Amino acid sequence: MTGKKTIIIGSGLGGLACGAILAKNGYDVTVLEQAAQPGGCLQCFVRRGVKFETGMHFIGSAAEGQTLNKLMHYFDIYHKLQLSRLDVDGYDVVSIAGKRYKFANGREAFIDQMSSYFPHQRSNLVKYYDLIEKVASASSLHSLKYAENDSAVNMEFQLRSINEVIESTVTDPLLAKVLVGNLPLYAPVRDKTPFSVHAFIMDFYNAGAYRIVGGSDSIASALISTIESYGGRILVNSKATKIACNTIQATGVEVNGEMMIDADYVISDTHPMRALEMLDTKMIRPAFRQRINSIPQTVGGFSVYLHFKEDTIPYMNYNYYGFDSDTPWNCEFYDDSSWPKGFLYMHFCHTPNPVYAQSGVILSYMQMSDVQQWEGTHVGRRGADYEEFKRKKAERLIDAIEGHFPGFKDSIAHYYTSTPLTYVDYTGTEGGSLYGIAKDINKGSEYRVPHRTKVPNLLFTGQNINSHGMLGVIVGAIVTCSELLTSKKIYEQIIDANR
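Note that this is a predicted model, so its numbers are computed, not measured.

> Please explain the overall build of the chain as it appears in this structure.
Helices and strands together make up the secondary structure of the chain, namely 16 helices and 20 strands. Relative to its length of 499 residues, the chain is compact, with a C-alpha radius of gyration of 22 Å against a globular reference of 23 Å. Projected onto its principal axes, the C-alpha positions of the chain cover 60 × 55 × 45 Å. Across the chain, contacts joining residues at least 24 apart in sequence account for 72% of those joining residues at least 6 apart. Accessible surface for the chain amounts to roughly 20000 Å². Of this, 49% is attributable to carbon and sulfur atoms. Of note, the chain has its 48 positive side-chain charges centred 3 Å away from the centre of its 52 negative side-chain charges.

> I tried to follow the environment of L485 on my own but got confused; where do I start?
Residue placement: L485 occurs in helix α15 (residues 469-485). Between the C-alpha atom of L485 and that of L22, which follows or precedes it by 463 residues, the distance is 8.3 Å. Once residues lying within four places of it in the same chain are set aside, the contact partners of L485 are I21, L22, N25, Y27 and I490.

> For this particular structure, what's the right way to read the nonpolar core?
For soluble globular proteins, nonpolar side chains are generally found buried alongside one another. Membership of the largest hydrophobic core comes to 104 residues, with the highest contact counts inside it found for F75, I166, F195 and M470. Ranked by residue count, the leading element in this core is α15, at 9 residues. Those residues in contact with I166, other than ones at most four positions away along the chain, are Y128, A176, L179, V180, F195 and H198.

> I tried to follow the sheet that holds strand β11 (residues 240-245) on my own but got confused; where do I start?
The strands that make up a sheet pair up through hydrogen bonds in the backbone, lying either parallel or antiparallel. Strand order in the open sheet made by the 3 strands is β11-β12-β13, with antiparallel pairing throughout. Sheet topology places β11 and β13 (259-262) at the edges, where each strand pairs with a single neighbour. Within this sheet the neighbouring strands show an average axis-to-axis angle of 25°, counted without direction. Sheet analysis places β11 next to strand β12 (residues 250-255), joined by 5 bridges and oriented antiparallel. Paired with A240 across the bridge in β12 is V255.

> In this structure, what is going on with the side chain of E254? I would like to understand it.
Counting through the fold element by element, E254 comes out in strand β12. For the buried E254, no salt bridge exists, and the shortest N-O distance to an oppositely charged side chain is 5.7 Å, to K242. A distance of 2.7 Å separates the side chain of E254 from the side chain of T241, its partner in a polar contact. Dropping the residues within four chain positions of it, E254 is found in contact with K239, A240, T241, K242, M259 and M260.

> Hey, could you run me through the pattern of salt bridges in this one?
Opposite charge on two side chains makes pairing possible when the charged atoms of those side chains draw close. The tally for this structure, following the rule as stated, stands at 21 salt bridges. The salt bridge involving D112 is made with R122; its shortest N-O contact spans 2.7 Å. With D112 in helix α3 (residues 107-117) and R122 in helix α4 (residues 122-138), this pair connects stretches of sequence that are 10 residues apart. With relative accessibility at 39%, the residue D112 sits in the partly exposed group. Accessibility expressed as a relative area gives 37% for R122, which makes it partly exposed. K488 is paired through a salt bridge with E492; the nearest N and O atoms lie 2.6 Å apart. With K488 and E492 both in helix α16 (residues 487-497), this residue pair falls 4 residues apart, about one helical turn. Within this structure, R107, E108, D130 and E133 form a network of salt bridges that share partners.

> It is not clear to me how the packing of helix α2 (residues 67-74) against α15 should be interpreted in this structure. Could you clarify?
What describes two packed helices is the angle between their axes and the distance between those same axes. Where α2 contacts α15, the axes come no closer than 11 Å and their chain directions differ by 55°. Here α15 runs oblique to α2, going by the angle between their axes. In this structure, α2 meets α15 at a crossing whose hand is left-handed. Listed contacts from α15 to T67, L68 and L71 of α2 are M470, L471, I474 and I478. Here the contact of α2 with α15 is composed, by residue class, of 6 nonpolar, 1 polar and no charged.

Calculation rules
Residues numbered from 1 in each chain as written. Predicted model: local features only at pLDDT ≥ 70, side-chain atom pairs only at ≥ 80, totals over all residues. Heavy atoms only, no water. Helix = DSSP H or I, 4+ residues; strand = E, 2+ residues; numbered from the N terminus. Rg over C-alpha atoms; globule rule 2.2 N^0.38 Å. Contact = heavy atoms within 4.5 Å. Areas by Shrake-Rupley, 256 points an atom, 1.4 Å probe, with all protein chains shown as cover. Lys, Arg positive; Asp, Glu negative; His and termini not counted. Charge placed at Lys NZ, Arg CZ, Asp CG, Glu CD. Core = buried A, V, L, I, M, F, W, Y, C linked by side-chain atoms within 4.5 Å. Buried < 20%, exposed > 50% of the residue type's maximum accessible area, 1.4 Å probe, protein only. Pairing = 2+ DSSP bridges. Axes fitted to C-alpha atoms, helices over the stretch in contact; angles between N-to-C directions. Salt bridge = Lys/Arg side-chain N within 4 Å of Asp/Glu carboxyl O. Polar contact = N/O pair within 3.5 Å; in protein donor to acceptor, adjacent residues only side chain to side chain. Parallel < 35°, antiparallel > 145°, perpendicular 65-115°, else oblique. Left-handed = near helix turned anticlockwise from the far one by under 90°. Nonpolar A, V, L, I, M, F, W, Y, C, P; charged D, E, K, R; others polar.

Here you go:
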């Protein structure tokens, strides 16, 4: 038991995962959360007695023996969560130019299903899936096989774009577009985003896709329970305002501009730009600040949270991606007349095996520039112009869904909205970005944020450090905590937890 005082700034998944790992290993953990509710993108909210999820809408690889399942056992949260499996014959449904395509769970089922739409592409689909498995298994982090990573494979597919790899593997242009039909999950950019990002997403969800019954905030609650069971604590309404440093290391964190908490280690689960704003030390060089501040972010999002009239909308046990044009690519490039170019539509699983949906969400891309004029204002106090802007956008999205599901519109009792400004308010992300810092094959390490900093006892974690999503963020937390515990020790603990 080291008892080393560790302050974690931010209670998103990365912060809570780091807190759980370190608390289990005897560290004295304090997690600081600026808001009243912990969880970051795991947060849910309730309106008129109906619950809505804000970020983590579904997870993958949660069946016995699969990667996330093993991690949930390690974090002592598996038995605290209730999962509902999405349709194995079509957990994702992609609609392009009026035709629907199902993504089936499992290698053979996926290939068979896609081959039914593109019979002449079966051999190419086998090659495509071989690549998915090759890239996923090449990473020791994602496969949880300690020290068994293939650095050559990792490097190759971090330097080749998604579209270049897929379009050189399958020869049907439509199939190449269908295979990236779930791109709202990670907001890739054509010719820039590495194929490895796509491969990890596909491998994670294709092994099995699940919703969390009752909402993703139960993940946050379960992780907090683990942290507290080992003596850690979570402080809400506690905004980190400064990371104090002497000439050689961080010494503590100032909270709400007044109280100072001493620390042996500080881990920031905030966006790296927010962390740098709290640091006034010569250990962080101006060139590093400039590099971090100049990295592009993934696109922002506009969400419409739907409250359905009772027993009117049958529960949809899959995720629906709609594109009215002939491609999922470039939906982030739009003008007022062409928005929305695409959307992701999902239902909330409020109870095991629901017959009808209580609530759901529509998500579409939105640039921060669309709401720039209200920047600096606060939730609920942005004025009538902002509310009218959101109303018009919401009606456009609702009309888009109506085109795919006739009668949908009449089943809505109420709806609520969020913009990139909302993401800034609740998660501190830069520019309202959905998934944090963008990856770019043309920039390599220039666009990567290290988990170690030049302040020896200050570490970074969260979606900007490894990748976003439940597995990506937890893997990033393992990388961060490896600096204090070694990765070998954490892997051995994961194995022990699953014996």
